[in-house]
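# Examining the three-dimensional arrangement
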Amino acid sequence: METVSKLASIVNIDIKMPRMCNRQTKRVNVSSNSSEEYFKVSIYIPFLDSLISQLHSRFDERLKQVLPLQGLIPCNLHLYNDDLILSAASIYENDVPHAISSLSAELHMWKNQWKDTENVSQTAIEAIQHCQDLFSNIKTLLQLFSTLPVTSSTPERTFSTLKRIKTNLRSTISQEKLNGLALTNINKEENVTEEEIAQDFIKISARGIQLQDWLK
């Protein structure tokens, strides 16, 4: 509230409560003695309540049971003991390629592999690249853990992107082109050069081989 008050004073705006009336069903009609109290009751407290309820829904009991699987990530090997990891892995007993009883031996060898390594993997995706045939169960568990949806921001961002791309003027756009435009717009952080695009085009079509000389 102090920050907003300072910004309002710079642009010469007075922070006031909206007009109150006895009967109101379309907006917040909170009786308060000051504008700060009004915005606290009408905006701040409901926002906190919504935030807490969303945290409870995202991090439910199911996710708490699976969370020890992050102990398989090399940088987190010291956070969880073997019993917690094995208990979490038992939830996916039907999904791993081998018996869950062999995971204890895999876990012992997995920890020894990263024992004296300086640059350990920081994410599940990086750790998967170092899983050999001996760690088939660990590889599967890391793949499952990396796909757990913590938030819905990615699909919501995708829907917003599609609304911007597929306008009335682009109603007849093909699905392949729509997917390409959407992926390009969503993954803005990826730095793709023109040469990489041309190389992919060359691999797809034999006629594209003629473009190889143009890249030099």
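Look a little higher up for the structure.
This is a predicted model, so every value here is computed, not measured. (Residues numbered from 1 in each chain as written. Predicted model: local features only at pLDDT ≥ 70, side-chain atom pairs only at ≥ 80, totals over all residues. Heavy atoms only, no water.)

## Points about a nonpolar patch on the surface
Heads up, the condition is: Like charges within 9 Å and nonpolar side chains (Val, Leu, Ile, Met, Phe, Trp, Tyr) within 5 Å are joined into patches, using only residues over 30% in relative accessible area that form no salt bridge. Under the convention used here, a 1.4 Å probe and the Shrake-Rupley method define accessible areas, while residue burial counts only the protein chains that appear. Counted as salt bridges are all cases of a side-chain nitrogen of Lys or Arg within 4 Å of a carboxyl oxygen of Asp or Glu. Secondary structure elements are taken from DSSP: a helix is a run of H or I of four residues or more, a strand is a run of E of two residues or more, and numbering for both begins at the N terminus. To sort residues, take the accessible area from a 1.4 Å probe on protein chains only and compare it with the maximum for the residue type: under 20% means buried, over 50% means exposed, and anything in between is partly exposed.
Nonpolar side chains collect at one region of the surface, where Val 41, Tyr 44, Ile 45, Phe 47, Leu 48, Leu 51, Ile 52, Leu 55 and Phe 59 lie side by side and expose about 810 Å² of accessible area between them. Tracing the sequence through the fold places Phe 47 in helix H2 (residues 35-58). Judged by relative accessible area, which is 52%, Phe 47 ranks as exposed.

## Remarks on helix H4 (residues 82-89)
Note the following rule: To obtain the arc, one takes the directions from the helix axis to the C-beta atoms. Working rule for contacts: check all heavy atoms of both residues, and any pair within 4.5 Å makes them a contact. A 3.5 Å cut-off defines polar contacts: any pair of N or O atoms within that distance qualifies, except that in protein one atom must be a possible hydrogen donor and the other a possible acceptor, and neighbouring residues in sequence count only when both atoms are side-chain atoms.
Those residues of H4 not exposed but buried are Ile 85, Ala 88 and Ala 89. With its buried residues spanning 100° around the axis, H4 presents them on a single face. On its buried side, H4 packs onto helix H3 (61-66), helix H5 (103-113) and helix H7 (136-146). For H4, the capping residue at the N-terminal end is Asn 81, with a side-chain oxygen 3.3 Å from the backbone nitrogen of Asp 83.

## So, the layout of surface pockets
This is how it is decided: Using only the protein atoms, space was sampled on a 1 Å grid; points where a 1.4 Å probe fits but cannot get out form cavities, open sets with protein on both sides within 12 Å along at least five of seven lines form pockets, and lining residues are those with an atom within 4 Å of a point. Grid points are joined across faces, edges and corners, and a volume is the space filled by probe spheres set on the points.
For the largest pocket, the calculated volume is near 320 Å³. Around the largest pocket sit Gly 180, Leu 183, Thr 184, Asn 187, Glu 190, Val 192, Glu 196, Ile 197 and Asp 200, which together line it. For the lining of the largest pocket, the secondary-structure elements that each account for two or more residues are helix H9 (175-186) and helix H10 (194-204).

## What to know about the packing of H5 against H7
Under the convention used in this document: A fitted line through C-alpha atoms serves as each axis, taken over the contacting stretch for helices, and the angle formed by two N-to-C directions is quoted from 0 to 180°. The cut-offs work like this: below 35 degrees is roughly parallel, past 145 is roughly antiparallel, 65 to 115 is roughly perpendicular, and the gaps in between are oblique.
Packing of H5 against H7 leaves a shortest axis separation of 8 Å and a crossing angle of 85°. Regarding the angle of H5 to H7, the classification is roughly perpendicular. Only Ser 136, Asn 137, Ile 138, Leu 141 and Leu 142 of H7 make contact with H5, whose side of the interface consists of Leu 103, Glu 106, Leu 107 and Trp 110.

## Some thoughts on the pattern of salt bridges
Evaluated as defined, the whole model comprises one salt bridge. Two residues, Asp 82 and Lys 111, come together in a salt bridge whose shortest N-O distance is 2.5 Å. Within this pair, whereas Asp 82 is found in helix H4, its partner Lys 111 is found in helix H5, the two being separated by 29 residues in sequence. The class for Asp 82 is partly exposed, based on a relative accessible area of 30%. The class of Lys 111 is partly exposed, set by a relative accessible area of 24%.

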